[in-house]
Structures are given as structure tokens and as C-alpha cells.
Amino acid sequence: MNTDKNSKRFIVAIDQEKIEPDLARETVVNYDPLNRSGKEGGFHITEEGELHIDNEKVMEAHKMAINKYPHEGAIQLIRLDREFGEQIHQFGENSFRLYGLPEPQKGRVVGILGRNGIGKSTALKILSGDIKPNLGEFENPPDWKKIKEEYRGTGLQEHFNKLAEEEIEASYKPQQVDKIPEFHDGEVGDLLEKADEKDSADMFAEKLDIDHLLDRDIGELSGGELQRVAIASTLVKDSSIYVIDEPSSFLDVKQRLNVGRAVQELGEEKAVLVVEHDLATLDLVSSAIHVFHGEPAAYGMVSNALSTREGINQYLEGYLKTHNLRIRDDSIDFDRTKRSQVEKKSEAFNFPEMRKDFGEEEFELETEAGTLHEEEILAVFGENGVGKTTFAKMLAGALEPEKEEAPDISISYKAQYLEAKDELVETAIGKHVNPQSKKFKARIAEPLGLQNLYEQNLEDLSGGELQRVGIAICLARDADIYLLDEPSAYMDVESRVELGKALKRFARKTGKPLMVIDHDLLLLDYIADRGMVFTGEPGKTGKTTEPMKIGDAMNEFLEEVDITFRRDPETGRPRANKPGSQKDKEHRKNDEFYEQKSIKKESDEDDE
């Protein structure tokens, strides 16, 4: 079903430095279709000698006039993100509509990037055979013959032929792995054995570092352990297509790279689709990227396949150059320059050296003393299993240190994930604060986009929505310090940016310090003033550094996990270097495991 709804919406971007008024009059102004027909609002030269047009009057027909101007790039006709194209599916009248699909490719890992709520899951369910596409004809759905005719001659033709004949076997890794214990019980080894169709359970257990968990009960696993078990149980199946939804949630940097390598190896032989919001992980695993864009809960559209680097960079820019399409009003910019000088602020509290020993051959943690200042955001780095959450619980008084006394402070703690109870969002928040208070609205609800969720039940929320509610409840409490454990899990890129802005604004407005445990390096680099690093042997020992400058903390952490990161020359975002590459060798030689600065427009050797 073809629709032109809202398709003819354009704006014009003009580089005034490239505009010669007389030349513009002879070309653009003279050939403007509005001017030629005697209508108002077309191209004109102002008294200051600048070329202008009323953007409300811009239409596709202006392209001819723009093309008459000889200086390339001086005037651009840009199509705005509006609903148009071939409709693949619609759930009902006035309900969500999906236009287009990503193309699975055997022998490649295809990445999928986009906001939550714009059809990524729907697209994956169609490609895996869980949903039969109706081409927008929801009242009288078409048969497979018509669907195949619609996609004849496209890259999806063969895939739909196989779907019609029920020849597609899909292996799907769900997003919310914390719900797995609700549907599976027993030991990890039994789960993998049941799923294993390639006699590969032992191999993937070793690659994903879960071989020591095989005798553990599924209900006892942490979020990171559940994630790796879920990925392993997906990869051991013998399927024609593998769909992996947000594999990085709850995983540390080292684990993300291990998962990335396992997925890459599988993608050399099979068709693999990966949905991911952590850009460093998506960058690592993908051979190509489809960008999803549109209006959440209204419609979603899918770009053509783009190279991984260009796809991510164009998504951050909010402008798909290859499609001449503006998908967002503003670019996503992780401005790292505005660090607050927290050491000059008053001290908020001091925490002493602490030690916790859980018994012989059990986990043991030793932490250094430190100071937090007013308005400070302290990033907490470390592999999973080296005591970050134990440290948080000792600070909060939920765990007693061996001898030392925990500081006499009140801590508001957001756990890794919030239990979804049978109650409304507004009710859950109302237990801690008046949801209608001006202060809560301005500082928390509006920045996190909560008000549209108030009438929904917690049990019906997506992972990202539930995460935002948990963050809001944490920040709503009256406390001396706020500690957030993995707040970025399940959040899309836009939501992570808004989260970062909200946390920085909250710290500044309240004067309270925040501690943030997360594995998204881009987010931590964006929000944090300083950082502390946890090291040790996961599950056995852990120790910490004292708080230090954020760049030094990142560098020390990445040296500990033996990974180097460079910065993309166009966007400044962190990208993992390939082991043994020229960039990797240069960084190690200079003891710069985390590149602090980026040089615009510099070539990127790891992409060559």
C-alpha cells in the first residue's frame, strides 16, 4: 500500500557565505516556481544581500531553481522526516504503521539503530515469521501470493518466498533478559542443552565466559549473567536467521567485546540481525546498518543499508545524507567540554576505607577512602563481579563492612532493574513524591518523558520505560547522595542523551552528588566529573582506586581490561580499536587506552 501522507515537506538550508546576490537573482530567484507564477513566499534577496525563502512555502518543485545556482552546496533542499512510502504493516485503524524492512543478508551482521517505539521489534517479528505482513490492509489482509508479488525484484523477495513456504527458522534473543526466570527454571546447563542444535554449547559457554555457571540455578543469576546465558542459548540453535535484541545490556566492556566477536563469527555464515543502542557495541558487530526513524507509536520508516560508520554518524547528525532526509531537528552532541570544577565545591561527604569478606573462598572487597563534592557526578567503572554493587550497598547501609562504619548518610539507590508490580506508574511514583508538584515535573518528569506513562501499568512497560520510572523514583527521594546502577540499560540513544542532561541538571539544581555505575562509556564520559575504578578477579576479589579525573579513570579502567578506544574524527564518539591495528599499537605505546581528544576530518585507519 503506497501513501504520500505528509511526504511533500521540505526545508531549504542556505550557506550565505557562498551566495552572490546578483547571480542568485539571475538563477534561483528567477526560476523560482512561486515567483514565476506571481505568488508570494518564494526566493528573494534581502536588503542585506542575503538569499531567503519562507520555509512554509518550500516544495519539491524548488529543486529545479536551486539546481540553477552553480556553487555546489550553497543551497540544499532537505526533505523532512514525514510518513510516506510502501507500507509493510498496520495493526489497525489509527494504529502504528511500518514502512519498509531491513534486509537480512547471509554472511553478514546487519545492525539496526533507532529510537524505541518506531517499529524495530515489529520488523524483526515479520522477518522471523512471527507476524505476517498485511501491507497496511488490516481489514482484509492479503495472502502470501500478493505479498510476494509486492516484493518481487527486491532484496526481500527470496526471504518472503521462504516465509511463505515456512522455511525460515529464526532464533530470537529477547530484550528483557531479567524476565527469563519467570519462564525458565532449573540449571543453566540444562537450558543450554535443550537449546543446543549444533553441539556447540560448550564452545559458546567458554566464549561468553559462562562455563562456570552451568550448575547454577537460573533464578540466582545476575543481569549480566542472564544476558550471556540468553545470548548463548540463542547462538547454539541451528537457524536460518538470528535476531539479537540489545545484547549489551548489563554487560561490562570486556563482555560486550566477547559477545561481539561471537556474533561476528556467526555472521560469517548466517544471517544475523542485531538491535543495539550502545554505539560502541553496534560499531563492533555490524557489517551494515539500517536506521529506523519516524514518530514513536505512530509510524516507523527504514533507511537503505548504510556502512556501519556512516550509518551511526548520520543517525547522530539527525540527517541521512544518502537519503537527503532530516530525521531529527537537532544533532546528538555529547559535549565533553563543560566539566564543573567539583574539587572547588564544598565537600558533601567522605567515605572511609571499607572491607567486606563473604567467607572462605567467597568474594572479598577492599575499597579506598574518598570524597564527594556538591554537584559532583562520579562515574563508577569496573567489570561485572568485582564489587561495585557491594560497595553501593555498604554505603547505603544494606551491608555492614567488616570493622569500619559506613558513613552516616542517606542514599537513594536505583537497582539494576525495577520489579514490575501490578500498579499504575503514577501510583508507584506517588509513594515517594507528588507527581504533580512543579519541582518534580521540571527536574525529573519532563526531562525523562514520564507524564505519558502515568496511566500505564508497570507490568505493561517496555524495558526502557521501566528504567525511566526507576530513575525517577530514585531521584524523587530526599537523600544525601543518589546512586544509580546501570541507568542506561534498555534506553535508546536519544533517551540516554536526555538522561545525561537530566542527571547533570539535577546535580546542579539540588547541589547533591550522584554516583553512576554504567558500562556505556559515551554516557559516562558525557556526564561525569570524576571516576573511580574497580579491579580484581570477578566473583573472587575486588578493590578500588580513589576518585580521580574522569579521563584518568577511563584510561586506567581500559588498561585493566586491555582494550584501547579511539575517537571518531567526525563525531568524537568512542570506538573500540581492532586488536593489533595501527591505532591500537599507537595508543598502547603512548599509554593512552582512551583517546582524550579527537581531530575532525582525520582519516580513520581502522575502517580502511
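See above for the structure.
Residues numbered from 1 in each chain as written. Predicted model: local features only at pLDDT ≥ 70, side-chain atom pairs only at ≥ 80, totals over all residues. Heavy atoms only, no water.

### Describing the overall build of the chain
Within the chain one finds 20 helices and 29 strands. Against the compact-globule benchmark of 25 Å for 608 residues, the chain has a radius of gyration of 26 Å, which places it among compact chains. Expressed along its principal axes, the backbone C-alpha trace of the chain runs to roughly 85 × 65 × 55 Å. Of all 608 residues assigned to the chain, the portion counted as buried reaches 53%. When contacts within the chain are restricted to residue pairs at least 6 apart in sequence, long-range pairs at least 24 apart make up 70% of them. (Helix = DSSP H or I, 4+ residues; strand = E, 2+ residues; numbered from the N terminus. Rg over C-alpha atoms; globule rule 2.2 N^0.38 Å. Buried < 20%, exposed > 50% of the residue type's maximum accessible area, 1.4 Å probe, protein only. Contact = heavy atoms within 4.5 Å.)

### Description of unusual backbone geometry
We note that Leu135 has phi near 55 degrees; this positive angle belongs to a residue other than glycine. Even without being a glycine, Asp209 presents a positive backbone phi close to 60 degrees. Checked against the element boundaries, Asp209 lands in the loop between α8 (201-207) and α9 (223-235).

### Some details on the environment of Gln157
Here Gln157 lies in helix α6 (residues 157-164). Classification of Gln157 as partly exposed rests on a relative accessible area of 30%.

### Thoughts on the pattern of salt bridges
Side-chain pairing between opposite charges can occur once the charged atoms of the two side chains come close. All chains considered together, the criterion is met by 27 salt bridges. Arg575 is the salt-bridge partner of Asp283, the closest N and O atoms lying 2.4 Å from each other. Of the two residues, Asp283 is situated in helix α11 (residues 279-285) and Arg575 in strand β29 (residues 574-576); the sequence distance between them amounts to 292 residues. The pair formed by Asp283 and Arg575 is uniform in burial state, with each residue classed as buried. (Salt bridge = Lys/Arg side-chain N within 4 Å of Asp/Glu carboxyl O.)

### Some points on a negative patch on the surface
Together, Asp185, Glu187, Asp190, Glu193, Asp215 and Asp217 give the surface a local cluster of negative charge. Looking at the secondary structure, you find Glu187 in the loop between β9 (170-173) and α7 (188-195). Overall, Glu187 belongs to the partly exposed group, its relative accessible area being 33%. (Patch = residues over 30% accessible without salt bridge, like charges linked within 9 Å, V, L, I, M, F, W, Y side chains within 5 Å. Areas by Shrake-Rupley, 256 points an atom, 1.4 Å probe, with all protein chains shown as cover. Lys, Arg positive; Asp, Glu negative; His and termini not counted. Charge placed at Lys NZ, Arg CZ, Asp CG, Glu CD.)

### A few points about the nonpolar core
Within the largest apolar cluster, 56 residues are counted, with the highest numbers of intra-cluster contacts made by Phe381, Phe440, Leu450, Leu503, Leu514, Leu558 and Phe565. Ranked by residue count, the leading element in this core is helix α16 (residues 463-476), at 8 residues. Every residue in contact with Phe565, bar those within four places of it in the chain, is listed here: Val253, Ala280, Leu521, Leu558, Pro574, Arg575, Ala576, Asn577, His587, Phe593, Tyr594 and Glu595. Ile180, Leu191, Val259 and Val285 belong to the second-largest nonpolar core, a separate cluster that totals 35 residues. (Core = buried A, V, L, I, M, F, W, Y, C linked by side-chain atoms within 4.5 Å.)

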